[in-house]
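# Fold and geometry: a report
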Amino acid sequence: MRSGQSSGSGGIDWHAPIRPAAPVPYVRRNRFERHTSGAGLAVERPLVTERLHARLSAEDVIKIKQAIAHEPLLAASYVAAPDERVRLQMTLAYGIWLGQAGVVSKTGLPIPQPPEDVHMMAHGPLAAAGGLYEADMVACALASSGGEMNDVRHALDFGCSSGRVVRVLKAAYPDIAWQACDPNAPAIAWASQHLPGIEFFMSEDEPPLPLIDASLDLVYAISIWSHFAPDLGLAWFDEMRRILRPGGCLVCTTHGLTSVAYYAEHEQRTLEQSQEIADALFRRGCWYAPEFGEEGDWGVVNPEWGTSFISPEWLLAQLCPRWRVLEFAPGRNQDNQDVYVLQRV
């Protein structure tokens, strides 16, 4: 991405406190605490994984398990799976990794994997089936808010990289017209060549997208608003509202207070910086830094594409009443990012 312009939001002062709401008191236990009390989505099932796994016969599953048993490292991770959800995901992923023909022919999951020099969030056996975890999260978020994937006709993966998630959703719901975009040219080129049935296209640094007004039922964006500078992020929210039909939904994730705790606990940010971010969230609702530098993020260079943290109070103050918040699940994405379901009013 290249440098974007202001969203035209009237010259918002990002250093001013949110008004009229007062900051919420920050009570610390072990300096930083997770803000996930009651977190999660109302529907917490691997809906997409279950849908794909159900296409396999009992004989298919037995063959996959037998193949896994001959691979000591895969077998150890399979046995150590924390729950049945993860084990179902492993069955699909390892089945593709080990060349079990039934997995591909019956589920529709594609085989090709991007090379190391093409952006993809994960490689290796667990990633062989694509982003099953994220696809489940999107479907669960929609179901939690009263929607159904089967009711979606046109959908967009906004910030798709090389198609890790949309390839799974396309396999699970082939009747949906899937589109996907990203500013990373090599990733889009690879996906366009290797993942048929999905319309991939390049997105620019700033709106608009080459899409018709009110043409989509669903947009999802995983770890995209966790990178936009505030003005640019608001401009893209406006663009999502333009391309969604009235009543259509945007499922997106952001860094919030749970992310502050996550990065501090995993020593990915210093306690001093974590405190700085937490204080910024309570005082003005957002924190941003252009942390990718001159080299950018896999060649995507833009001072407004870095690392962003936002509070739900700030987000609601900026978006409502043009958007309706149907679901908010703090830390739902990998015990880190917050998940929102926003409905276009």
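Residues numbered from 1 in each chain as written. Predicted model: local features only at pLDDT ≥ 70, side-chain atom pairs only at ≥ 80, totals over all residues. Heavy atoms only, no water.

## As for the overall build of the protein chain
Here is the rule we go by: In DSSP terms, a helix is any run of H or I states spanning at least four residues, a strand is any run of E spanning at least two, and both are numbered starting from the N terminus. Here, two residues are considered to be in contact whenever any of their heavy atoms come within 4.5 Å of each other. The protein chains shown are the only cover counted for residues, whose accessible areas, like all others here, come from Shrake-Rupley with a 1.4 Å probe.
Each helix and strand in the protein chain was counted, giving 12 helices and 9 strands. Put simply, of all contacts in the protein chain between residues at least 6 apart along the chain, 73% involve residues at least 24 apart. On the protein chain, roughly 15500 Å² of surface is accessible, and the fraction owed to carbon and sulfur atoms is 53%.

## Brief notes about the side chain of Q343
This is how the line gets drawn: Polar contact is defined as a pair of N or O atoms within 3.5 Å, subject to the rule that within protein one atom must be able to donate a hydrogen and the other to accept it, and that residues adjacent in sequence are counted only when both atoms are side-chain atoms.
Mapped onto the fold, Q343 is located in strand β9 (residues 337–344). Of the polar contacts made by the side chain of Q343, one reaches the backbone oxygen of G247; its length is 3.3 Å. If we skip the residues at most four places from it in the chain, Q343 touches G247, G248, C249, R322, W323, R324 and L326.

## Details of unusual backbone geometry
Glycine aside, negative phi is the norm for most residues, and most peptide bonds take the trans geometry. Quick note on the threshold: Between buried and exposed lies partly exposed: a residue is buried under 20% and exposed over 50% of the maximum accessible area for its type, with that area taken using a 1.4 Å probe on protein chains only.
Along the chain, P207 connects to P208 via a cis peptide bond; the corresponding omega equals 10°. Note that P208 resides in the loop between β3 (199–202) and β4 (216–221). The phi dihedral of S161 is positive, around 55°, even though this residue is not glycine. Examined against the element boundaries, S161 turns out to sit in the loop between β1 (154–158) and α7 (166–172). For S161, a relative accessible area of 9% corresponds to the buried category. In the Ramachandran plot, E267 falls in the positive-phi region, its phi being about 55° despite a non-glycine side chain. Within the fold, E267 resides in the loop between α10 (257–265) and α11 (271–283). Among the residues examined, E267 registers a relative accessible area of 72% and is labelled exposed.

## Brief notes about helix α4 (residues 84–97)
For the record, the criterion: Expected helix span is given by 1.5 Å per residue-to-residue step, counting one fewer step than there are residues.
Its 14 residues give α4 an end-to-end C-alpha distance of 19 Å, which sits within 8% of 20 Å, the value for a rise of 1.5 Å per residue. By the criterion of burial, α4 is predominantly enclosed, with 10 of the 14 residues buried. Here α4 has its buried residues at V86, L88, Q89, M90, T91, L92, A93, Y94, G95 and I96. Residues of α4 that are buried make contact with α1 (47–53), α2 (58–69), α3 (72–79), α5 (101–107) and α6 (132–144). A side-chain oxygen of the first residue of α4 lies 3.2 Å from the backbone nitrogen of R85; this N-cap is D83. A positive backbone phi angle near 75° is found at G99, which sits one or two residues after α4.

## Description of the packing of aromatic side chains
Our working definition: Aromatic contacts are taken between Phe, Tyr and Trp rings whose centres are within 6.5 Å, Trp giving its six-membered ring; a plane angle under 30 degrees counts as stacked, one over 60 as edge-to-face, and the others as tilted. Working rule: Lys NZ or Arg CZ, within 6 Å of ring centre, within 35 degrees of ring normal, means a charge sits over the ring.
Throughout the structure, instances matching the rule amount to 11 aromatic pairs. Plain terms: the ring middles of F228 and W305 are 5.4 Å apart, the flat faces sit at 70° to each other, and that makes the pair edge-to-face. Placement of the pair is F228 in the loop between β4 and α9 (230–243) and W305 in the loop between β6 (286–289) and β7 (307–310), with a sequence separation of 77 residues. Between F328 and Y340 the ring centres are 4.9 Å apart and the planes differ by 35°, which places this aromatic pair in the tilted class. Here Y340 lies in strand β9 and F328 lies in strand β8 (residues 323–333), a separation of 12 residues in the sequence. Note on Y340: relative accessible area 0%, which makes it buried. Put simply, the rings of F158, W225, F228, W236, F237 and W305 touch in pairs and so form one group of aromatic residues. For R87, the ring lying beneath its charged end belongs to Y78, and the centroid distance is 5.8 Å.

## As for empty space enclosed by the protein
Put simply, the rule is: Only protein atoms enter the 1 Å grid, on which a cavity is a set of points fitting a 1.4 Å probe that cannot get out and a pocket is an open set with protein on both sides within 12 Å along at least 5 of 7 lines, lining residues being those with an atom within 4 Å of a point. Grid points are joined across faces, edges and corners, and a volume is the space filled by probe spheres set on the points.
Under the counting rule described, the total for this entry stands at 1 cavity of 30 Å³ or more. Lining the largest cavity we find W225, F228, A229, P230, G233, L234, F237, S308, I310, W314 and L315. Elements with a contribution of two residues or more to the lining of the largest cavity: α9, β7 and α12 (312–319).

## Topic: the sheet that holds strand β2 (residues 177–182)
Our working definition: In short, DSSP must find at least two bridges between two strands for them to pair. Only the stretch in contact is used when fitting a helix axis, every axis being a line fitted to C-alpha atoms; angles between N-to-C directions are given from 0 to 180 degrees.
One open sheet accounts for 7 strands, arranged β3-β2-β1-β4-β5-β9-β8; its pairing is mixed. The strands lining the two open edges of the sheet, one partner per strand, are β3 and β8. This sheet shows a mean twist of 15° between the axes of neighbouring strands, independent of strand direction. Relative to β3, helix α8 (residues 185–194) is tilted by about 160°, and along the sheet it contacts β2 and β3.

## Considerations on the confidence of the model for the protein chain
We count it as follows: pLDDT is defined as a per-residue confidence score from the predictor, taking values between 0 and 100.
Averaged over all residues, the pLDDT of the protein chain is 90; the fraction at 70 or higher stands at 89%. Segment residues 1–31 is flagged for pLDDT under 50; beyond a separation of four residues in sequence, or across chains, it makes 70 contacts in the model.

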